[in-house]
Amino acid sequence: MSAEEDFKQVGAELADLGVRISRMMGRPALKDQVGKVFASLQRDGAMVFRLVRDTPEHTAALNLPGASLFDPSGRGREVKDWVVVPNSSAEKWTDLAEVALSRPR
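The structure displayed is predicted, hence computed values, not measured ones.

Things to note about the packing of aromatic side chains
Part 1: The final tally for this structure, using the stated rule, is 1 aromatic pair.
Part 2: Centroid distance Phe 70 to Trp 82: 6.4 Å. Interplanar angle 50°. Geometry classified as tilted. Of this pair, Phe 70 sits in strand S5 (residues 68-70) while Trp 82 sits in strand S6 (residues 79-85); the two residues are 12 residues apart in sequence, bridging distant segments of the chain.

Spelled out as structure tokens, the structure:
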């Protein structure tokens, strides 16, 4: 599947939890019941998740091949609670999205 199809599948799998697919800054995003973004699809086909740093899930996500902290500006200003996970690990996206959804904002 393409990254877009993988993303849509994650949204569909979480729809029963009140998750909806929307857009943020022109990119597809997953929003919770109150409209807060907790995951987004990036231009390169990777997905970024809001995980809480220093948690086992955050560490596990960073240990996936090709994963990194999110740097939206591309200038070395990482957002430490957000982890970018490439499409090569798309089988982990739903689990990571569930964790991101469950974390307080």
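Details of the pattern of salt bridges
Part 1: If you walk through the whole model with that rule in mind, you get 2 salt bridges.
Part 2: Linking Arg 53 and Asp 81 is a salt bridge whose minimum nitrogen-to-oxygen distance equals 3.1 Å. Residue Arg 53 is found in the loop between strand S4 (47-50) and helix H2 (56-62), and its partner Asp 81 is found in strand S6; the two are separated by 28 residues along the sequence.
Part 3: Here Arg 53 falls in the partly exposed class, since its relative accessible area comes to 40%.
Part 4: For Asp 81, a relative accessible area of 17% gives the class buried.

Observations regarding the sheet that holds S4
Part 1: If you walk across this open sheet you meet the 6 strands as S1-S2-S3-S4-S6-S5, and the pairing is antiparallel. Bordering the open sheet on either side are strand S1 (20-24) and S5, each of which pairs with just one other strand. For this sheet the average axis-to-axis angle between neighbouring strands, irrespective of direction, equals 35°.
Part 2: Two elements, S5 and S6, share 3 bridges in a ladder whose sense is antiparallel.

Regarding helix H1 (residues 3-14)
Part 1: Between its terminal C-alpha atoms H1 stretches 17 Å, which fits the 16 Å expected from 12 residues at 1.5 Å a residue.
Part 2: The complete set of buried residues in H1 reads Ala 3, Asp 6, Phe 7, Val 10, Gly 11 and Leu 14. Looking down the long axis of H1, one finds its buried residues gathered within 140° of arc, a one-sided arrangement.

Some details on the packing of H1 against helix H3 (residues 93-102)
Part 1: Orientation of H1 relative to H3, taken along the N-to-C sense of each, is 50°, at an axis distance of 10 Å. Here H1 is positioned oblique relative to H3, judged by the angle of their axes. Read as a crossing pair, H1 and H3 show a hand that is right-handed. Side by side, H1 and H3 meet where Ala 3, Asp 6, Phe 7, Val 10, Glu 13 and Leu 14 of the first sit next to Trp 93, Thr 94, Ala 97 and Glu 98 of the second.
Part 2: Its residues assigned to classes, the contact of H1 with H3 shows 6 nonpolar, 1 polar and 3 charged.

Rules and cut-offs
Residues numbered from 1 in each chain as written. Predicted model: local features only at pLDDT ≥ 70, side-chain atom pairs only at ≥ 80, totals over all residues. Heavy atoms only, no water. Phe/Tyr/Trp six-rings, centres within 6.5 Å; stacked < 30°, edge-to-face > 60°. Helix = DSSP H or I, 4+ residues; strand = E, 2+ residues; numbered from the N terminus. Salt bridge = Lys/Arg side-chain N within 4 Å of Asp/Glu carboxyl O. Buried < 20%, exposed > 50% of the residue type's maximum accessible area, 1.4 Å probe, protein only. Pairing = 2+ DSSP bridges. Axes fitted to C-alpha atoms, helices over the stretch in contact; angles between N-to-C directions. Expected span 1.5 Å × (residues − 1). Arc of directions from axis to C-beta. Parallel < 35°, antiparallel > 145°, perpendicular 65-115°, else oblique. Left-handed = near helix turned anticlockwise from the far one by under 90°. Contact = heavy atoms within 4.5 Å. Nonpolar A, V, L, I, M, F, W, Y, C, P; charged D, E, K, R; others polar.

Don't take any of this as a statement about function, it's just geometry.
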